[in-house]
Each structure stands twice: as structure tokens, then as C-alpha cells.
Amino acid sequence: MYKVKVFVTLRESVLDPQGTAVKDSLHSLNYSEVSDVRIGKYMELSIEKSERPVEEVVKEMCERLLANVVIEDYRFEIEEAVAQ
């Protein structure tokens with residue numbers, strides 16, 4: 001069993017109006033230290049071991065469903081789950 005953490009973010013070249021709105025709100029709350037905000041998605045998946053390498057399976061899932069690869073980048077971290 002694997003625990004996979006998937007992080008999906010807009011590409012740097014894509015405008016992030018939600019991030020801009022959050023940044024502006026933080027500035028209005030006097031958090032002037034914040035220079036930029038980018039909004040993304042975080043997912044945790046539990047994946048059973050199979051014949052295919054887990055990296056291959058996760059990459060395929062990201063490219064087919066979890067991320068819009070035209071405007072989003074993704075990365076993932078894989079941990080082998082400890083049996084309890």
C-alpha cells in the first residue's frame with residue numbers, strides 16, 4: 001500500500017485571479033509582507049500495490065484526470081504505507 005500526495009498548481013504563465021484576490025485581502029488585513037499568492041489543489045491517495053510501478057500509475061492519473069496539463073503543473077510524493 002502506498003500513500004501518495006499530489007500537488008497541482010497553475011503554471012507560472014497562467015494568471016491566478018483567485019490568488020490575486022487572496023493577496024489583496026491579506027493586504028487589506030495589513031499583511032503587507034505577502035508579495036504573491038498562488039492557489040492550488042492538494043490530494044492524498046491510497047494506492048494498492050499492483051503489477052505496474054506506482055510512479056507510472058500516479059503520473060497517468062495526474063495527466064488523465066487530476067491535473068489539466070495545459071494550464072497546470074503537478075508533482076507527487078510517494079510513501080510506502082506501514083502496515084498496522
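This structure is a prediction, so every number in the text was calculated from the model and none was measured. (Residues numbered from 1 in each chain as written. Predicted model: local features only at pLDDT ≥ 70, side-chain atom pairs only at ≥ 80, totals over all residues. Heavy atoms only, no water.)

Caption draft 1: Inspection of the overall build of the chain at higher detail. Looking only at helices and strands, one finds two helices and three strands in the chain. Along its sequence from the N terminus, the chain presents helices and strands in the succession β-α-β-α-β. Contacts in the chain between residues far apart in sequence, at least 24 positions, make up 70% of those at least 6 positions apart. Placing the 11 positive and 17 negative side-chain charges of the chain at their respective mean positions leaves the two points 2 Å apart. (Helix = DSSP H or I, 4+ residues; strand = E, 2+ residues; numbered from the N terminus. Contact = heavy atoms within 4.5 Å. Lys, Arg positive; Asp, Glu negative; His and termini not counted. Charge placed at Lys NZ, Arg CZ, Asp CG, Glu CD.)

Caption draft 2: View of the sheet that holds strand E3 (residues 72–80). Taken in spatial order, the three strands line up as E2-E1-E3 in an open sheet, and their pairing is antiparallel. The two strands at the open ends of the sheet, each matched to only one other strand, are strand E2 (40–47) and E3. Sheet twist, expressed as the average angle between the axes of neighbouring strands with direction ignored, equals 15°. Inspection of the sheet shows strand E1 (residues 2–10) paired to E2 by eight bridges, in the antiparallel sense. (Pairing = 2+ DSSP bridges. Axes fitted to C-alpha atoms, helices over the stretch in contact; angles between N-to-C directions.)

Caption draft 3: Seen up close, the packing of aromatic side chains. Taken as a whole, this structure holds two aromatic pairs when the rule is applied. Between Phe7 and Tyr42 the ring centres are 5.1 Å apart and the planes differ by 45°, which places this aromatic pair in the tilted class. Taken together, the positions of Phe7 in strand E1 and Tyr42 in strand E2 put the pair 35 residues apart, joining distant regions of the chain. A relative accessible area of 22% places Phe7 in the partly exposed class. Given a relative accessible area of 42%, Tyr42 falls into the partly exposed group. Ring centres 6.4 Å apart and planes at 10° place the aromatic pair Tyr74 and Phe76 in the stacked group. (Phe/Tyr/Trp six-rings, centres within 6.5 Å; stacked < 30°, edge-to-face > 60°. Buried < 20%, exposed > 50% of the residue type's maximum accessible area, 1.4 Å probe, protein only.)

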